[in-house]
Amino acid sequence: MRIVSLIFKEIRYRKVNFVLSLVAVLTAVALFVAFVTAGETYRLETRKIQLGMGQNLRIIPRETPMDKFWSVGFSEYTMPEDYVRRFAALEGYEYTHLTGTLHKKVRWRDKDVILAGILPEVMPPDAKQPPMTFSVNRGNAYVGFELARMFDIKAGDKIEIFGKPFYVAKCLSQTGSSDDIRIYGHLHDVQSVLGLEGRINEIRALECLCMIESGRINLDPLTLAQRQLAEILPDAKVLLLQGIAEVRQKQRAAMEGYLALIMPIVIVACGVWIGLLAMLNVRQRLEEIGIMRGLGYGSGKIILLFLGRSVIIGLGGALLGFVGGTALALHFGPDIFKTTAKTIEPQYVWLLWSVVIAPIFAAVSSFIPTVSAVTYDPAITLGKELQ
Amino acid sequence: MIVLRNVTKTYVSGRSKVVALKGVTLQVEKGEFVVVRGPSGSGKTTLLMTMAAMLQPTSGSVTVDGYNLHEMNTREKTDFRARTIGFAFQMFHLIPYLNVGENVALAAGTVGQGDARAKARELLRQLGMEERALHMPSELSVGERQRAAMARALLNHPKIVLADEPTGNLDPENTAAVFSCLSNFQREGGTVVVATHETEAALLADRVFSLRNGRGEPGLGCLEAVK
């Protein structure tokens, strides 16, 4: 259609206005597409967290009395160390940090001391994060602050615990907790000292994520974890550390809230931006409107000239914005949503929505300038030459 | 036939009022070539734009072929201008992003339409502008722009051509070409009204209508043949 040719020639002539308008639509679409594309992943991640997946679990011997457990801080009972390996081998259950420990209160040099054996952290095969808990080499010991102070122990000293020599690799700084009377060693060393070979009294599994039953949104997270682990760890009970997950969930909810606030502001700002540029375009074209009116061009054709331009801006902005927004989501999404990064992918349905909505958005934004163009009295422009 | 009866046009801007036309009465017969003559500010352009239904008179009436222009709605005026009027503006008003050929063809309502392009080329040839058809307005001299504007006014074979100072910036040779075009148009049955302050133009006209300070020149009468 010839009007289309006229529109493109005008666009080519007034490139800056066109490009600025295009950038406005592109920005709005790109941010929206990036938001919804990453948002799909975000919702998946949130849902999994809400399910109790991505939780921190404490697994302790089944017969542990909980009153004692909470008052002492560890179980007096033990369970097989092999449970760590079984947990790690459990299919469909992912984790980022997994370790087995053995804690036991003993009398050492006439003082109450907690001996803590730590198994080096079991890392997932494709682990991206460094170990969260420290590990102690065989034959080494880390001595808690209070014990080091009481017995004047320094790093590099040699100590003996129940007949077994240890090299003091580190004296820990003050924590203000029971850790100050702890001596840490490799799990197998501590097991040997205590005569509890092959036994542990806690497994800590951090950021666990069930990939099998994530869709079952109605299941209580603790129940789900207990049910899944009951078969492979029959002598264990599962505790859930809710706190961290709740904080994360709140953080994500806050992020969603911010985005929900920002998006309308971005869209309104872009709409105003387009409207102002359209107004500028109309002002630049008053003479043209006047002459076209004078030549007999009706309102319909003049509307087509301006709205057609807006539609082209909308279409261009939609296509470029979709590409840009998707690229943003693919580039930055995996850093934000680490556990569900693999699920981030282009949402082509938003391409369809963008090419429908963006031209309407651009047309609506330039509606007032278009109306002013249509109702423009040619005599005002051409009146410049009235004698 | 164009008939203006007691037409007054007053421009109001804030507190100031300028009366551009004061009770002008004029009748232009079909096929006539009328020159509206007068000094700058005498109301010539206002008169032409009123005839073209681009300005609403403050009082009085303008009829063309029996239709009162200012009783028409916007759509009817648009149709009227498209069907009946070819207007060559004093300031040319060429669209800057269209080349000369496209500017001329614009009057056909569709840019680049095959038939309109051929007509545009022929008119540009008559006006000595054929080689400039693909040039942009910014590449033209003032005189060339004026001839392009004239070609655009003639493109649609309107019934009436209203030309505002069409030769104001032209050399004698190009002035002759423009008036030759207008004469050809008149010979084919068209009506021509040309606003100018040049005395020479009157020699080509069937009649001259003089304006001074918005009024028909009293000494000459509102309608006075000079031939």
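Here the structure is shown first, and the text comes after it.
No experiment lies behind these values; they were computed from the predicted model shown.

## Quick word on the pairing of strand E9 (residues 207-212) of chain B
Residues and elements named next belong to chain B.
Item 1. In this structure, strand E3 (residues 33-37) lies alongside E9, joined through 4 bridges in parallel fashion. If you follow Arg37 over to E9, its bridge partner there is Ser210.
Item 2. Here E9 runs beside strand E10 (residues 215-216); their pairing, made up of 2 bridges, is antiparallel. The residue of E10 that forms the bridge with Arg212 is Arg215.
Item 3. Here E9 folds back onto E10 in antiparallel fashion, the turn holding 2 residues, of which Asn213 has a positive phi close to 50 degrees.

## With respect to the sheet that holds E10(B)
All names here are of chain B.
Item 1. Reading across from one edge, E6-E7-E8-E3-E9-E10 is the order of the 6 strands in this open sheet, with mixed pairing throughout. Strands at the two margins of the open sheet, each flanked by one partner only, are strand E6 (85-88) and E10.
Item 2. As paired strands, E3 and strand E8 (residues 191-196) are joined by 5 bridges and run parallel to one another. Bridging across to E8, Val35 finds its partner in Val194.
Item 3. Each of E6 and strand E7 (160-164) touches helix H5 (residues 142-154); the most contacted strand, E6, lies at about 175 degrees to it.

## Quick notes on helix H11 (residues 349-365) of chain A
All names here are of chain A.
Item 1. Here H11 contains 17 residues, and its C-alpha end-to-end distance of 24 Å stays within 8% of the 24 Å for a straight helix at 1.5 Å per residue.
Item 2. The largest bend in H11 is about 25 degrees, located at Val355, with the proline Pro359 one to four residues further on.
Item 3. Taken together, the buried positions of H11 are Trp350, Ser354, Ala358, Pro359, Phe361, Ala362, Ala363 and Ser365.

## Some thoughts on the pairing of E6(B)
Residue and element names in this part refer to chain B.
Item 1. In E6, alternate side chains face the same way, and those of Ile85 and Phe87 on one face and Gly86 and Ala88 on the other are all buried.
Item 2. With 4 bridges joining them, E6 and E7 adopt parallel strand pairing. Residue Ala88 lies in a different strand from E7, and its bridge partner there is Ala163.

## Focus on the sheet that holds strand E1 (residues 2-13) of chain B
The strands making up a sheet associate through hydrogen bonds between their backbones, and the pairing can be parallel or antiparallel.
All names here are of chain B.
Item 1. Across the sheet, which stays open at both edges, the 4 strands sit in the order E2-E1-E4-E5 with antiparallel pairing between neighbours. Strands with a single pairing partner mark the edges of an open sheet, and in this sheet they are strand E2 (16-28) and strand E5 (67-68).
Item 2. Where E1 and strand E4 (residues 59-64) come together, 5 bridges link them in antiparallel fashion. Note that in E4 the partner of Leu4 across the bridge is Val62.

Quick notes on the rules
- The residue count restarts for each chain, going from 1 along the sequence in the order it is written.
- Going through the entries in the order they are written, you letter the chains from A and number the ligands from 1.
- Confidence filtering applies because this is a predicted model: local features only for residues at pLDDT of at least 70, side-chain atom pairs given and counted only at 80 or more, and all residues used for totals across whole chains, interfaces and linings.
- What makes two strands pair is DSSP finding at least two bridges between them.
- For helices the rule is a DSSP run of H or I covering at least 4 residues; for strands it is a run of E covering at least 2, with both sets numbered from the N terminus onward.
- Our contact criterion uses C-beta atoms placed from the backbone: two residues qualify when those atoms are within 7 Å.
- Axis lines are fitted through C-alpha atoms, for helices just across the contact stretch, and the angle between N-to-C directions can take any value from 0 to 180 degrees.
- Expected helix span is taken as 1.5 Å per residue step, with the number of steps being one fewer than the number of residues.
- At every residue, the bend is computed as the angle between two fitted axes, covering the seven residues ending there and the seven beginning there respectively.
- Buried means a residue has 20 or more other C-beta atoms within 10 Å of its own C-beta, exposed means 12 or fewer, and partly exposed covers the counts in between; C-beta atoms are placed from the backbone.

On their own, these measurements won't tell you what the molecule is for.
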